[in-house]
Amino acid sequence: MATTAYDEMYLAKNGGARTQYRRYSEWLAVQPADRLAQKRAEADALFHRVGITFAVYGQEEGAERLIPFDIVPRVLPLEEWIRLEAGLKQRVSALNAFIHDIYHDQQILKAGVIPAEQVLCNSQYRPEMQGIDVQGGIYAHIAGIDIVRDDAGEFRVLEDNLRVPSGVSYMLENRKMMMRLFPELFSEHRIAPVDHYPDVLLDNLRSVAPTGVADPTVVLLTAGAHNSAYFEHAFLAQQMGIELVEGQDLFVRDEAVFMRTTQGPQRVDVIYRRIDDDFLDPLVFRPDSMLGIPGLLTAYRAGRVTIANAIGTGVADDKSIYPYVPEMIRFYLGQAPIIANVHTWMLRRPDDLAYVLAHLPELVVKEVHGAGGYGMLIGPAASTAEIERFRRQIIATPERYIAQPTLALSTCPTFAEAGLAPRHIDLRPFVLSGRGRDVTIVPGGLTRVALTEGSLVVNSSQGGGTKDTWVLEN
Amino acid sequence: MLSRTADHLYWMSRYIERAESLARLVDAHYRMSLLPHSGDTLAESLQATMTALHITEAYGAKHAALEPRAVFEFVSLDRDYSGSILSCLRAARENARAVRGSLTSELWVTLNSTWLDARVLAVRRSPNVDIGQFVEWVKERSHLTRGVTIGTMLRDEAFHFTRIGTFLERADSTARILTAHQTDLEPGADAGAVPDPYQWSVLLRALSAFEVYRRVYRDVITPFKVAQLLILRDDMPRSLLRCCKEVYSNLKSVANEHSAETERRAGEMHALLHFTRMEEITAQGVPQFLESFLARLRDLGDRVAHDFLVPPAEA
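The sections below set out a description of the structure shown in this document. As the structure is a prediction and not an experimental result, all values here were calculated from the model.

Another point: the interface of chain A and chain B. Each partner contributes residues to the interface: chain A has 21 residues there, and chain B has 24 residues. Across the contact surface, chain A and chain B share two salt bridges. Ionic pairing is found between Asp 249 of chain A and Arg 4 of chain B, a salt bridge with its closest N-O pair at 2.5 Å. Applying the counting rule to chain A against chain B returns 13 residue pairs in polar contact (both at pLDDT 80 or more). In terms of residues, the side of chain A that touches chain B owes the most to one element, helix H9 (residues 230-240) of chain A, which gives four residues. Partitioning the side of chain A that touches chain B into residue classes produces eight nonpolar, seven polar and six charged.

Encoded structure:
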């Protein structure tokens, strides 16, 4: 598998570096090993000092770990980026149209494009959202679309993330780190900047405030310092110049939301929430949630507060709905998808189930409601026992699973124990939507890398790392 | 700003100040322990200080006897004791972490590095721990933190609540340390007798006032003047007067609809110290004065929490 994977940096065997990597590979070739080692140690120490950490579940000491950062950048040529960007905008526009549709007239269900029960009986579908008109018709203000490159060099969407996509802070900090470690690379290359992300996001969030509010107050709602992505919450709030609040800081009075300040209650217009739907309002969703604000839905329904991303987007990034996204693009936009999906078998369909059961050792099987790389079977890497266990699970509840071919994800040279070696990567660009504004994507995104040889699991919560992503302007 | 944020900043500052205060105390006593013939005075001073700071019980739970070396290590590095310097540095950092968006990145990095380095130092075991070096390092880190705070923070609410926490804590520690020596500060306590040099050097060093005393008074050390320096002198950065002045001034900057009474009480404390003469305090009795002062300070802290922060009952 690794032998047939597309190498981001080098042309097929005995070839030199790809055009976009030419200057970089020349630079790399003359770097003394100890200089690079020293730079890597410097990055490590700086990330620690600044506290750019992530809580990793299942680790003994629990608290904090660095997300490993690799100093070899992932470089994209401009023409590839332009096409990717167009495909992402198209996809997110269709997804927003889809979400609006299923909470209003449900045309796509009436047209029979997607079986109605897959949407309406989906655990992420929120009946509470039916008929609510959100500002600008935008549900996913921030979308993290996971992109992989297959062995033919084609980009494909692996997964959509429309609820609380994370990782942008690492994209921003990685760029700062690279500029600090290797300023000479930035004078030799024209790399599209990324640091305007917080400004664009803030502008978009303000654009979706309830109509008539002259100077909207935006806040970022976090579950608190013990949440795994807290660093990002604090970072973004600070970069945008908005308050970082927890549920306990807010209250609802007269269908409006207020925060408790040293000067008394202050009105809140837009909530950029980094908490799942389930925890947002104990009066409506999970009653045991200590993280939310009682009565928030009342204010939301009254249109007195905007929530970004909107409640109920989870149905659209559900793995059981993912296979229909190309159809959504055709249905709502009348266009052919610019970026393809990964071929997906839906095990709720008898034919697909039969095929998958017969080919388990070759395939990747995912739980429809899994996340973060957990609950997944990677056929080629699994033991016979694991495969059998999964087979039983699948047969018991086939509708809970989808399967995809094991992709040879593209690789990028990465520092491993023995030196530079190819490691599988993916890309998560962040797609921003606002009212009366073009959909904006900051060039590049977060490149995640599986640090173990041959591993396809890039998620930070399972020990993956990240790289800086460059879109070259020349 | 959010009440919860102000609360974290306030407590972050109190813990930083507490760590510094403890470091000075340990440093002063440690230096004394290196001098010959200081044994009795040292033991007495340690005992009195530990009582004033409520350390005795926690220490007693782990150690049978009052042994200076063990006390220094306990107060500096004990992981389980919530009042140790180590614990204070951790608490300061955890409070800062909760509101790092309100701090300049330089301040956050300073606090975070202090904690990370302290944790490394704390792993060493006696006799490998050099207490003298440790507290010296803590003092240096305090200077750095103070410099970064004053040098980089915008003079906004975050800054003011940070200062309120700092000066309430400083007033509290100073008053308590004075309490530990209160019998010696009574007039006539050493009438005619030669003042014990060790005794005063400990007190003055703990409040970074040893050299200052000399500059101000150029005189033999007398209890009256020591008390005056540490309670009433406006030009002494650690005096009770100075602390009250700062608390009052910062409270005025953050006034809200409900804080008028709290502000008045802070102003009153400041004014009383500003216009009192040392003779009046000694007439009242230094211990009585300190007790009353600490009570008013406690009341002020409660009111600040209620008016601006997260009141203890709801927290």
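As a further point, take the side chain of Gln 31 of chain A. On the secondary structure map, Gln 31 of chain A appears in the loop between helix H1 (22-29) and helix H2 (33-50). Of note is the side chain of Gln 31 of chain A, whose polar atom sits 2.6 Å from the side chain of Arg 35 of chain A.

Let's shift gears to the pairing of strand E3 (residues 69-76) of chain A. Along any regular strand the residues' side chains alternate between the sheet's two faces. All names here are of chain A. Most of E3 sits out of view: eight of its eight residues are buried. Every second residue of E3 is oriented toward a common face, with Phe 69, Ile 71, Pro 73 and Val 75 on one face and Asp 70, Val 72, Arg 74 and Leu 76 on the other, all of them buried. In the sheet, E3 pairs with strand E23 (residues 465-471) via five bridges, with the strands oriented parallel. Directly across from Phe 69, in E23, lies its bridge partner Thr 466.

Following Ala 308 of chain A, the chain continues into Asn 309 of chain A via a peptide bond in cis, with omega recorded as -10°. The residue Asn 309 of chain A is located in the loop between strand E12 (306-308) and helix H11 (325-333) in this model. The phi dihedral of Gln 106 of chain A falls on the positive side, at around 55°, and the residue is not glycine. Note on placement: Gln 106 of chain A falls in the loop between helix H3 (78-102) and helix H4 (107-110). Here the phi dihedral of Ser 208 of chain B falls at roughly 45°; this positive angle occurs in a residue that is not glycine. Note on placement: Ser 208 of chain B falls in the loop between helix H10 (197-206) and helix H11 (210-217).

Let us look at the packing of aromatic side chains. The tally for this structure, following the rule as stated, stands at 24 aromatic pairs over all chains. When the ring of Tyr 197 of chain A is compared with that of Phe 430 of chain A, the centres are 6.3 Å apart and the planes differ by 75°; the resulting orientation is edge-to-face. Here Tyr 197 of chain A is found in helix H8 (residues 197-207), whereas its partner Phe 430 of chain A is found in strand E20 (residues 430-432), with 233 residues between them in sequence. For the pair Tyr 197 of chain A and Phe 430 of chain A, a shared accessibility class is recorded, and that class is buried. The interplanar angle of 90° and the centroid separation of 5.4 Å between the aromatic rings of Tyr 10 of chain B and Trp 11 of chain B together place this pair among those described as edge-to-face. Its relative accessible area of 29% is what places Trp 11 of chain B among the partly exposed residues. The residue whose ring lies beneath Arg 253 of chain A is Phe 258 of chain A, and the NZ or CZ to ring-centre distance is 4.8 Å. One residue, Arg 205 of chain B, lies across the ring of Phe 210 of chain B, its end atom 4.5 Å from the ring centre.

A word on the pattern of salt bridges. Inspection of every chain in the model, using the stated rule, returns 54 salt bridges over all chains. Two residues, Arg 126 of chain A and Asp 278 of chain A, come together in a salt bridge whose shortest N-O distance is 3.3 Å. Here Asp 278 of chain A lies in the loop between strand E11 (270-273) and helix H10 (296-301) and Arg 126 of chain A lies in the loop between helix H5 (116-120) and strand E4 (142-149), a separation of 152 residues in the sequence. Classification of Asp 278 of chain A by relative accessible area gives partly exposed; the value is 31%. In the salt-bridge network here, residues are joined through shared partners; they are Glu 17, Glu 20, Arg 24, Arg 146, Arg 170 and Arg 238 of chain B.

For the rest of this paragraph, the subject is the sheet that holds strand E7 (residues 243-245) of chain A. All names here are of chain A. Read from one edge to the other, the open sheet built from four strands follows the order E7-E6-E11-E12, with strand pairing classed as parallel. The sheet is open, and its two edges are formed by E7 and E12, each paired on a single side. Each strand axis lies, on average, 30° off the axis of its neighbour in the sheet, ignoring direction. Here four bridges tie strand E6 (residues 218-221) to E11, and the two strands are oriented parallel to one another. Following the sheet pairing, Leu 220 is matched in E11 by Tyr 272.

Core analysis: the biggest nonpolar cluster contains 103 residues, and Ile 85, Val 226, Ile 231, Leu 273 and Phe 293 of chain B have the highest contact counts within it. If one sorts the elements of this core by residue count, helix H1 (residues 3-33) of chain B sits on top with 13 residues. Residues within four places of Ile 231 of chain B in sequence aside, it is in contact with Leu 178, Ser 239, Leu 240, Leu 241, Leu 273, Met 278, Ile 281 and Phe 289 of chain B. Ranked by size, the runner-up nonpolar core spans 73 residues in total, among them Leu 95, Tyr 103, Leu 109 and Ile 321 of chain A.

On to the environment of Leu 244 of chain A, then. Along the chain, the position of Leu 244 of chain A falls in strand E7. Spatially, the C-alpha atoms of Leu 244 of chain A and Ile 191 of chain A are 31 Å apart, while their sequence positions differ by 53 residues. Every residue in contact with Leu 244 of chain A, bar those within four places of it in the chain, is listed here: Leu 220, Thr 222, Tyr 230, His 233, Ala 234, Ala 237 and Asp 249 of chain A together with Leu 2 and Arg 4 of chain B.

Cut-offs used in this document
- Residues numbered from 1 in each chain as written.
- Chains lettered and ligands numbered in written order.
- Predicted model: local features only at pLDDT ≥ 70, side-chain atom pairs only at ≥ 80, totals over all residues.
- Heavy atoms only, no water.
- Contact = heavy atoms within 4.5 Å.
- Salt bridge = Lys/Arg side-chain N within 4 Å of Asp/Glu carboxyl O.
- Polar contact = N/O pair within 3.5 Å; in protein donor to acceptor, adjacent residues only side chain to side chain.
- Helix = DSSP H or I, 4+ residues; strand = E, 2+ residues; numbered from the N terminus.
- Nonpolar A, V, L, I, M, F, W, Y, C, P; charged D, E, K, R; others polar.
- Buried < 20%, exposed > 50% of the residue type's maximum accessible area, 1.4 Å probe, protein only.
- Pairing = 2+ DSSP bridges.
- Phe/Tyr/Trp six-rings, centres within 6.5 Å; stacked < 30°, edge-to-face > 60°.
- Lys NZ or Arg CZ within 6 Å of the ring centre and 35° of its normal.
- Axes fitted to C-alpha atoms, helices over the stretch in contact; angles between N-to-C directions.
- Core = buried A, V, L, I, M, F, W, Y, C linked by side-chain atoms within 4.5 Å.

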